[in-house]
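If you want the building blocks of each chain, they are given just below.
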Amino acid sequence: MVAALLSGRPAGEPDVQARFVQRLDLLRRTRLKPNGRRYTQQEIADGAGMSRQQAGALINGDRRPPWSTATPSSGSSGCTPGS
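Small disclaimer: the values here were computed from a predicted structure and weren't measured.

A. The arrangement of the environment of Gln54 in detail. Turning to its location among the elements, Gln54 is positioned in helix α4 (residues 52–59). Put simply, Gln54 and Pro65 are eleven residues apart on the chain and 9.4 Å apart in space, counted from C-alpha to C-alpha.

B. Seen up close, the pattern of salt bridges. Under the criterion given, the structure shown has two salt bridges. Among the ionic pairs, Arg29 bridges to Asp25, the shortest N-O distance being 3.0 Å. With Arg29 and Asp25 both in helix α2 (residues 16–30), this residue pair falls four residues apart, about one helical turn. Taking relative accessible area as the criterion, Arg29 reaches 44% and is therefore assigned partly exposed. Among the ionic pairs, Lys33 bridges to Glu43, the shortest N-O distance being 3.3 Å. Placement of the pair is Lys33 in the loop between α2 and α3 (41–48) and Glu43 in helix α3, with a sequence separation of ten residues.

C. Spatial organisation of the side chain of Arg28. With respect to the helices and strands, Arg28 occurs in helix α2. No salt bridge forms around the buried Arg28; measuring N to O, its nearest opposite-charge neighbour Asp25 is 6.0 Å away. Excluding its chain neighbours within four sequence positions, the residues that come into contact with Arg28 are Arg38, Tyr39, Ile44 and Ile59.

D. Broad picture of the nonpolar core. Counting nine residues, the largest nonpolar core is built from Phe20, Leu24, Ile44, Ala45, Ala48, Met50, Ala55, Leu58 and Ile59. For this core, the secondary structure elements donating two or more residues are α2, α3 and α4. Setting aside anything within four residues of it in sequence, one finds Leu24 in contact with Leu58 and Ile59.

E. Spotlight on α2. Taking 1.5 Å per residue, 15 residues should reach 21 Å; α2 reaches 21 Å between its end C-alpha atoms and fits that length. Within α2, the full set of buried residues consists of Gln17, Phe20, Leu24, Leu27 and Arg28. Seen from one end, α2 has its buried residues packed into an arc of 100°, which puts them on one side.

F. Representation of α4. Among all positions in α4, only Ala55, Gly56, Ala57, Leu58 and Ile59 are buried. Within two residues after α4, Gly61 carries a phi angle of roughly 80°, on the positive side.

Reading the values: the criteria
Residues numbered from 1 in each chain as written. Predicted model: local features only at pLDDT ≥ 70, side-chain atom pairs only at ≥ 80, totals over all residues. Heavy atoms only, no water. Helix = DSSP H or I, 4+ residues; strand = E, 2+ residues; numbered from the N terminus. Salt bridge = Lys/Arg side-chain N within 4 Å of Asp/Glu carboxyl O. Buried < 20%, exposed > 50% of the residue type's maximum accessible area, 1.4 Å probe, protein only. Lys, Arg positive; Asp, Glu negative; His and termini not counted. Contact = heavy atoms within 4.5 Å. Core = buried A, V, L, I, M, F, W, Y, C linked by side-chain atoms within 4.5 Å. Expected span 1.5 Å × (residues − 1). Arc of directions from axis to C-beta.

Here is the structure:
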């Protein structure tokens, strides 16, 4: 996408679900608990105010995140939306 934009070509519409899953995966790999382990789906769900099943479906890419879900979940990880 960046290469297309730099060369003056249109980049096309971003796949919001794919970006969300990529960012969530990145957060799960880089935001670790003090003991060095990843947060569980239940811990992510608790922080985002959703059920473990909803968190699992989002993590696995089985469900599209509504904006009302995507925004609060980014805040629970200490990240700002869009970063």
